[in-house]
Amino acid sequence: MTATATTENPAPSRKQSTAAMKITDVTTTHATRMHGLDEQWFTHTFRSVKADMTVVTITTDEGVVGIGEACAYGNPVQIEDWVSWLAPTLIGAELDDPRIVPRPTGTSFARPIESAYDYAVAAIDCALWDARARAAGLPVSRLINPDADDSVQFYASGGVRYDWRIDDPAQLVDDIVGYVAAGYSAVKFRLGTHWGWDGVTPDRFLRLFDQVRAEVGDGIGLAVDANSRLSREEAQAVAYGLDERGALFFEEPIAKRDIEGYIAITNSVGLRISGGETFTTLEQFRPWLERGALNIAQPDAGVCGITELLSIGAMAERYGVDIVPHSWHNGVMAMANAHAVAALPNGLMVEESRAQGPLVWDSVEGGSRVVDGRVTLTDDLGLGVSVIDGLADTYPYVEGHYGVEVYR
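Quick caveat, the model's predicted, so the values are computed rather than measured.

**Some thoughts on the confidence of the model for the protein chain**
- When the pLDDT values of the protein chain are averaged, the result is 94; 94% of them are 70 or greater.
- Scored below 50 in pLDDT, residues 1-11 makes 28 contacts in the model with residues more than four places away or belonging to other chains.

Okay, structure coming up:
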């Protein structure tokens, strides 16, 4: 990405002073949309049955409101508990006081209860950026960097509904053709159901990649996400094949903490290897950057917050590593990631979940911001989105995990 200023589409300006603006309220709202049977996404041994959303709202005494979306994988109930616990440190404080910004801790992604604190912090941080930018009369990206890009590319992220046993796997091709028809020039798909169930091999998967390529043509960028499920040997075979086929990148080919394996794969191919979506601190990224384990880092504003994402992005630039945020939830989170990408010189594009369903954009006023695979960021203040009135009534929250384990 090359950051360029614009005179044709200047950022809106309704500037208010934040010098004495005080936070008066911090609240959390949850929403759920149950997937219809034909909408449930299914990858490896996991079937998703619903989409969740958790939004933190910060209100000031001047009427400025900021919102931030947390990664709902962290358990919305636990996230709300942490937000409530942190709220007294925010209420009564000045909006632009840097001391009130909580920082993520790098807690484990393995169990939701251990991740909820960082996700709560992420949403609070995004809401503070939104409120401060709105008060300043700027988009968040321009508050961060006056020369931020006007728009960013979004890629369609899906390919999680196909079952090797049932359709072998025509569903994937249909989905990706649909993404391209909707105007996306880059798409990412997964590995399908558990390979061991149906004897799927790297060669068989690469033949599927070829089938997708034949359907969409050479002008569409294709990336693959392995969701950390391959062995080193399988991942190496797939990486070689994707490299030969000119794939955009290969995400999380092996276990998330296997840095030695990532180094070996990254150094063996020209294909770009990506990862780090569960990391919430710059410290966690340090060894991966220093040792050349990744070509693309994927911090997520809904996981670590905009502030930490910017720190990670700035350090990644030192090592020649680009930023393509993980962004698998809804529109508020997608816009937070988009503003960070627009402000970073090494920000490339943003993931848009095509499996989350209508909640992604129906949860925000005006619906989808994506036009022909891009989102313009300079037309509105702050993050550029507001949640719909009555979000919790329109999509009542259903407690419980968003997916089930499948056994065959």
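**Regarding the packing of aromatic side chains**
- Counted by the stated rule, this structure contains 16 aromatic pairs.
- Aromatic pair W41 and Y402: ring centres 6.4 Å apart, planes at 35°, arrangement tilted. Residue W41 is located in the loop between β1 (23-34) and β2 (42-43), and its partner Y402 is located in the loop between α13 (391-394) and β15 (403-405); the two are separated by 361 residues in the primary sequence.
- What makes W41 buried here is its relative accessible area of 6%.
- On the accessibility criterion, Y402 (17% relative accessible area) is buried.
- Note on W82 and W85: the rings are 5.4 Å apart at their centroids and 85° apart in plane angle, and the pair reads as edge-to-face. Here W85 and W82 lie together in helix α1 (residues 76-90), a separation of three residues that amounts to about one turn.
- Under the relative-accessibility criterion, W82 is labelled partly exposed at 26%.
- The class of W85 is exposed, set by a relative accessible area of 59%.
- An aromatic cluster is present here, built from W41, F46, Y73, W328 and Y402 joined pairwise through their rings.

**Details of the pattern of salt bridges**
- This model, assessed by the stated rule, comprises 25 salt bridges.
- For the salt bridge of R408 with D163, the shortest nitrogen-to-oxygen distance reads 2.5 Å. Here the residue R408 occupies a position in the segment after β15, and D163 occupies one in the loop between β6 (151-157) and α4 (170-181), the gap between them amounting to 245 residues.
- Owing to a relative accessible area of 40%, R408 belongs among the partly exposed residues under this scheme.
- A residue is classified by how much of its surface remains accessible, and D163, at 4% relative accessible area, is buried.
- D198 serves as the salt-bridge partner of R165, at 2.7 Å between the closest nitrogen and oxygen. Of this pair, R165 sits in the loop between β6 and α4 while D198 sits in helix α5 (residues 195-198), and the two are 33 residues apart along the sequence.
- Several salt bridges share partner residues, and in doing so they unite K188, R190, D225, E251 and E351 into one network.

**Digging into the side chain of D118**
- Mapping D118 onto the fold places it in helix α2 (residues 112-136).
- Buried charge without a salt bridge: D118, with R103 as the nearest opposite-charge side chain at an N-O distance of 8.5 Å.
- Dropping the residues within four chain positions of it, D118 is found in contact with P104, T105, G106, T107, T280 and V303.

**Here's the deal with the sheet that holds strand β3 (residues 46-48)**
- The strand order across the open sheet built from three strands is β2-β3-β15, with neighbouring strands paired in antiparallel fashion. At either margin of the open sheet sits one strand with a lone partner, and together these are β2 and β15.
- As paired strands, β3 and β15 are joined by three bridges and run antiparallel to one another. Looking across to β15, one finds that R47 is bridged to V404.

**A short note on unusual backbone geometry**
- With a phi close to 40°, D168 is a non-glycine residue in the positive phi region.
- Residue placement: D168 occurs in the loop between β6 and α4.
- Phi at N227 is positive, roughly 50°, even though this residue is not glycine.
- Among the structural elements, N227 can be located in the loop between β8 (221-225) and α7 (232-244).

**Digging into the packing of helix α10 (residues 301-318) against helix α11 (residues 331-343)**
- Packing of α10 against α11 brings their axes to within 10 Å, and their N-to-C directions diverge by 20°. Relative to α11, α10 is oriented roughly parallel. Crossing handedness for the pair α10 and α11: left-handed. Touching A301, G302, I306, L309 and L310 of α10 are M333, A336, N337 and A340, all from α11.
- Counted by class, the contact of α10 with α11 contains seven nonpolar, two polar and no charged residues.

What counts as what
- Residues numbered from 1 in each chain as written.
- Predicted model: local features only at pLDDT ≥ 70, side-chain atom pairs only at ≥ 80, totals over all residues.
- Heavy atoms only, no water.
- pLDDT = per-residue confidence, 0-100.
- Contact = heavy atoms within 4.5 Å.
- Phe/Tyr/Trp six-rings, centres within 6.5 Å; stacked < 30°, edge-to-face > 60°.
- Helix = DSSP H or I, 4+ residues; strand = E, 2+ residues; numbered from the N terminus.
- Buried < 20%, exposed > 50% of the residue type's maximum accessible area, 1.4 Å probe, protein only.
- Salt bridge = Lys/Arg side-chain N within 4 Å of Asp/Glu carboxyl O.
- Lys, Arg positive; Asp, Glu negative; His and termini not counted.
- Pairing = 2+ DSSP bridges.
- Axes fitted to C-alpha atoms, helices over the stretch in contact; angles between N-to-C directions.
- Parallel < 35°, antiparallel > 145°, perpendicular 65-115°, else oblique.
- Left-handed = near helix turned anticlockwise from the far one by under 90°.
- Nonpolar A, V, L, I, M, F, W, Y, C, P; charged D, E, K, R; others polar.

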